[in-house]
Amino acid sequence: MELFEQLKNKITGQNKTIVFPEGEDPRIQGAAIRLAADNLIEPILLGDAQEISKTAQAHNFDLSNIETIDPASYDKNELAKLNATLVERRKGKTDAETAAKWLQNVNYFGTMLVYTGKADGMVSGAVHPTGDTVRPALQIIKTAPGSSRISGAFIMQKGEERYVFADAAINIDIDSNTMAEIAIQSARTAQVFDIEPKVAMLSFSTKGSAKSPLVDKVATATALAKKLAPELADSIDGELQFDAAFVESVAAAKAPDSKVAGKANTFIFPSLEAGNIGYKIAQRLGGFEAIGPILQGLAKPVSDLSRGANEEDVYKVAIITAAQAL
Ligand SMILES: CC(C)(COP(=O)(O)OP(=O)(O)OC[C@H]1O[C@@H](n2cnc3c(N)ncnc32)[C@H](O)[C@@H]1OP(=O)(O)O)[C@@H](O)C(=O)NCCC(=O)NCCS
Ligand SMILES: CC(=O)OP(=O)(O)O
């Protein structure tokens, strides 16, 4: 069965509530209406009440069955409770005045709905850049037990082909420890999406063909990942160039002893520059659908979107987010 059909079956009737901080955007409204009509999730749209109505009227959308919240006119008692919870969660790092300002920002407000359990997950980023979308989650929801950092993976899909690219969204300049953790997180993400992970730790060098501290970083990360997740030891290899990782004939020449080279389906990039540029090239030149970024390592599901997302992308990311909340 197709991946999204499986995920839809899992979440149908589970009534997972997903908050959309960018409720004024037509892509968000269109997706929310479809998600609710398909009985997949219960959406909450955040935003200025007048702007939400304006968008709905302009696109002939019927929002009568969808909950909308305008943070500017939210119940004062409820807002005070959210403020106190936020200050408590930030343990001396954020005072009540700052918390009040944050709560007028839809991404902070939405994140607090998830943190307090009013929503099961959040989808944002169709309008806001990634930093503004995910920072509240990093500060408030924080990492899941066993994770020391959050990273962002894309499922890249075209026909029968399906791959994981990471980190393409969050960690700008990574060291070996971070790269190793991203590799392990991404292998687990691959499994969730029915991909038996073969993880390539990418570089501009294959097995020592170039000498550089940047190459050493990837080789060290590979050894570390194998040590941290021995069950994945035969499924992770590096350092590998993309051609050696992906093309069997190149693998035979460049890394003949590797169990991963030529067969990789989970690609770990050595920096955010490489990862973000790489996924967009595969998407825009290669014709792959890019689903994500799926945030890995967060304690509760919050998903970012690309600002280039369309309604269908929003619909699919919301389905993944609801599935993560099960
Ligand atoms: C994610 C990002 C916004 C965090 O940057 P920042 O807000 O400057 O981060 P800070 O160092 O000030 O940290 C803010 C909080 O987030 C936490 N944090 C930052 N990065 C984190 C990570 N990768 N995992 C877990 N927590 C993280 C910090 O520990 C800190 O928590 P605290 O306030 O409780 O102490 C930043 O790394 C970034 O901009 N990444 C690139 C995003 C991007 O543009 N991607 C391309 C498009 S997808
Ligand atoms: C994931 C990503 O690159 O997001 P954006 O296109 O919004 O910067």
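Residues numbered from 1 in each chain as written. Chains lettered and ligands numbered in written order. Predicted model: local features only at pLDDT ≥ 70, side-chain atom pairs only at ≥ 80, totals over all residues. Heavy atoms only, no water.

## Comments concerning the UniProt feature "domain: Phosphate acetyl/butaryl transferase" (unreviewed entry) in the protein
Under the present numbering, the feature "domain: Phosphate acetyl/butaryl transferase" (unreviewed entry) in UniProt falls on residues 4–322. Taken as a whole, residues 4–322 contains 45% helix and 17% strand, while its terminal C-alpha atoms sit 12 Å from one another. (UniProt positions renumbered as here; feature names shortened; annotations may be inferred. Helix = DSSP H or I, 4+ residues; strand = E, 2+ residues; numbered from the N terminus.)

## Topic: the confidence of the model for the protein
Confidence in the prediction for the protein averages 96 pLDDT; 100% of positions are at 70 or higher. Model confidence for the complex is summarised by a pTM of 0.91, with the ipTM given as 0.96. (pLDDT = per-residue confidence, 0-100.)

## Overview of the site of ligand 2
The immediate surroundings of ligand 2 are formed by Thr130, Phe154, Asn276, Tyr279, Lys280, Pro293, Ser306 and Arg307. Contact between ligand 2 and Ser306: an oxygen atom at 2.8 Å from a side-chain N or O atom of the residue. Between an oxygen atom of ligand 2 and a side-chain N or O atom of Arg307, the distance comes to 2.7 Å. Protein chains shield 88% of the accessible area of ligand 2, which is 270 Å² for the free molecule. Here the shell around ligand 2 takes three residues from helix H12 (residues 272–284), the largest share from any one element. When its residues are assigned to classes, the shell around ligand 2 shows three nonpolar, three polar and two charged. (Near = heavy atom within 4 Å. Polar contact = N/O pair within 3.5 Å; in protein donor to acceptor, adjacent residues only side chain to side chain. Areas by Shrake-Rupley, 256 points an atom, 1.4 Å probe, with all protein chains shown as cover. Nonpolar A, V, L, I, M, F, W, Y, C, P; charged D, E, K, R; others polar.)

## Side note on the site of ligand 1
Around ligand 1 sit 17 residues, and of these Lys93, Arg135, Ile150, Ala169 and Asn171 come closest. Between ligand 1 and Ile150, the relevant distance is 2.8 Å, taken from a nitrogen atom to a main-chain nitrogen or oxygen of the residue. Within the complex, 62% of the 940 Å² of free accessible area of ligand 1 lies under protein. Mapped onto the shell around ligand 1, the elements with two or more residues apiece are helix H7 (130–141) and H12.

## Describing the environment of Val199
Position of Val199 among the secondary structure elements: in strand S7 (residues 199–202). According to the relative accessible area criterion, Val199 is buried, its value standing at 0%. As for Val199 and Asp132, which are separated by 67 residues in sequence, their C-alpha atoms are 30 Å apart. Sequence-distant contacts of Val199, defined by excluding residues within four places in its chain, comprise Ala183, Ala187, Ser235, Ile236, Asp237, Val260, Thr266 and Ile268. (Buried < 20%, exposed > 50% of the residue type's maximum accessible area, 1.4 Å probe, protein only. Contact = heavy atoms within 4.5 Å.)

## Some details on the sheet that holds strand S10 (residues 289–296)
A sheet is described by the order of its strands in space; here six strands give the open sequence S8-S7-S9-S6-S5-S10, paired in mixed fashion. Unpaired on one side and paired on the other, strand S8 (236–240) and S10 mark the two borders of the sheet. Pairs of neighbouring strands in the sheet enclose a mean axial angle of 25°, with direction left out of account. Bridging between S7 and S8 involves four bridges; their strand directions are parallel. The residue of S8 that forms the bridge with Ala200 is Asp237. (Pairing = 2+ DSSP bridges. Axes fitted to C-alpha atoms, helices over the stretch in contact; angles between N-to-C directions.)

## Comments concerning the environment of Ala223
Here Ala223 shows up in helix H9 (residues 213–228). The exposure class assigned to Ala223 is partly exposed, which follows from its relative accessible area of 46%. Put simply, Ala223 and Asn171 are 52 residues apart on the chain and 20 Å apart in space, counted from C-alpha to C-alpha.

## A word on the nonpolar core
Ranked by size, the top nonpolar core spans 54 residues in total, and within it Phe20, Leu35 and Met201 carry the most contacts. The biggest single contributor to this core is helix H13 (residues 311–324), with eight residues. Beyond its immediate stretch of four places on either side in the chain, Phe20 contacts Ile28, Leu35, Ile41, Pro43, Ile44, Leu45, Leu46, Val123, Val314 and Ala318. Among the nonpolar cores identified, the runner-up in size contains 29 residues, and Tyr74, Val106, Ile170 and Val302 belong to it. (Core = buried A, V, L, I, M, F, W, Y, C linked by side-chain atoms within 4.5 Å.)

## Structural notes on the layout of surface pockets
Approximately 550 Å³ is the volume found for the largest pocket. With six residues, helix H8 (residues 176–192) is the single largest residue contributor to the lining of the largest pocket. In terms of residue class, the lining of the largest pocket is made up of 14 nonpolar, seven polar and four charged. Approximately 420 Å³ is the volume attributed to the second largest pocket. Taken together, 22 residues line the second largest pocket, and the ones lying closest to its centre are Leu202, Phe242, Phe269, Ala274 and Gly278. Where the lining of the second largest pocket is concerned, the elements lending two or more residues are strand S6 (161–166), H9, helix H10 (242–246) and H12. Residue composition of the lining of the second largest pocket, grouped by class: 17 nonpolar, three polar and two charged. (1 Å grid on protein atoms, 1.4 Å probe; cavity = no way out; pocket = protein on both sides within 12 Å on 5 of 7 lines; lining within 4 Å. Points joined across faces, edges and corners; volume = space filled by probe spheres on them.)

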